[in-house]
Amino acid sequence: MKEALWERTVKVATAEQTHALGSALAGVLEPGDLLVLTGELGAGKTTFTQGLGEGLGVRAGVISPTFVLVRIHPNLPDGPRPGGPDLVHVDAYRLASAAEIDDIDLENTMDNSVTVVEWGRERVEHLSDSRLDIEMHRTVGGAAATRPEAGQDAVLDFDPEDDDEPRTIVFRGFGPRWSAVPEILEESA
């Protein structure tokens, strides 16, 4: 994996702020953009993607594609970005390799869409020479949650009252498309 060209960290306090950050970032996204979301369960990946969908002006109802692997949300002609890109939302959690990603045929939609891949790190980098890597962390029990080491179980905390616990979101730009930090991330940092 090539080194990131830049890195920015943004802290959000609520799910609403996570959603709003996604919506704001959507304003700079273009067809062909690849976003790779990483973070433990409950970190806010789908909430962030819902914000992206709203900002892109796609059909409402963005939910996790865990059981179907891919959901395509078409751009609405009467939305905030008529004629803008569709949103392709992928969950690669159950996919073990880049070859399995190739089997779902994303290259046929990437040119006209913004493609968001949850759990895509080390699986989708071959799809584009540029990507925006977004790593999300939530606080569990007052301490920052970390990715489990090999052989350890993940800490799963599904308390529905935790939607508004703070999150740290780390953005990293790779490739020529993301050679400069988007202004929205300069303002939020």
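Everything below is about the structure shown above.
Residues numbered from 1 in each chain as written. Predicted model: local features only at pLDDT ≥ 70, side-chain atom pairs only at ≥ 80, totals over all residues. Heavy atoms only, no water.

So, the overall build of the chain: which residues are in play, and what are the values?
Counting its regular elements, the chain contains four helices and eight strands. When its helices and strands are written in sequence order, the chain yields β-α-β-α-β-β-α-β-β-β-β-α. In the chain, which comprises 189 residues, the share counted as buried stands at 45%. Contacts in the chain between residues far apart in sequence, at least 24 positions, make up 77% of those at least 6 positions apart. As presented, the chain carries roughly 9500 Å² of accessible surface, and 50% of it is formed by carbon and sulfur atoms. (Helix = DSSP H or I, 4+ residues; strand = E, 2+ residues; numbered from the N terminus. Buried < 20%, exposed > 50% of the residue type's maximum accessible area, 1.4 Å probe, protein only. Contact = heavy atoms within 4.5 Å. Areas by Shrake-Rupley, 256 points an atom, 1.4 Å probe, with all protein chains shown as cover.)

Would you mind going over the pattern of salt bridges in detail, with residue names and values included?
Tallied over the entire structure, the rule returns nine salt bridges. Across the pair Glu186 and Arg8 runs a salt bridge, and its minimum N-O distance is 3.2 Å. Note that Glu186 is positioned in helix α4 (residues 183-188) and Arg8 in strand β1 (residues 6-12), a separation of 178 residues in sequence. Since its relative accessible area comes to 23%, Arg8 is described here as partly exposed. Arg177 serves as the salt-bridge partner of Glu30, at 3.6 Å between the closest nitrogen and oxygen. A residue pair is termed long-range when its members are at least 10 positions apart, and Glu30 in the loop between α1 (15-26) and β2 (34-39) and Arg177 in the loop between β8 (167-174) and α4 qualify at 147 residues. Looking at Glu30, the relative accessible area reads 41%, which means it is partly exposed. Among the charged side chains, a salt-bridge network with shared partners connects Glu7, Arg121, Asp133, Glu135 and Arg172. (Salt bridge = Lys/Arg side-chain N within 4 Å of Asp/Glu carboxyl O.)

Which residues make up unusual backbone geometry, and what values go with them?
At Trp119, a residue that is not glycine, the phi angle is positive and equals roughly 60°. Accessibility expressed as a relative area gives 12% for Trp119, which makes it buried. Backbone geometry at Glu122 places phi at a positive 65°, although glycine is not the residue there. Note on placement: Glu122 falls in the loop between β5 (113-118) and β6 (131-140). You can call Glu122 exposed: its relative accessible area is 67%.

Tell me about α1, residues and numbers included.
The end-to-end C-alpha distance of α1, which contains twelve residues, comes to 17 Å, matching closely the 16 Å that a straight helix rising 1.5 Å per residue would cover. Restricting attention to buried positions, one finds in α1 the residues Ala15, Thr18, Leu21, Gly22, Leu25 and Ala26. One side of α1 holds all its buried residues, which, seen down the axis, span an arc of 140°. (Expected span 1.5 Å × (residues − 1). Arc of directions from axis to C-beta.)

Describe the side chain of His73, and please don't skip the residues or the numbers.
Mapped onto the secondary structure, His73 falls in strand β3 (residues 70-73). On the basis of relative accessibility, which here comes to 4%, the residue His73 falls in the buried class.

Note that all results are geometric; they support no functional claim without further evidence.
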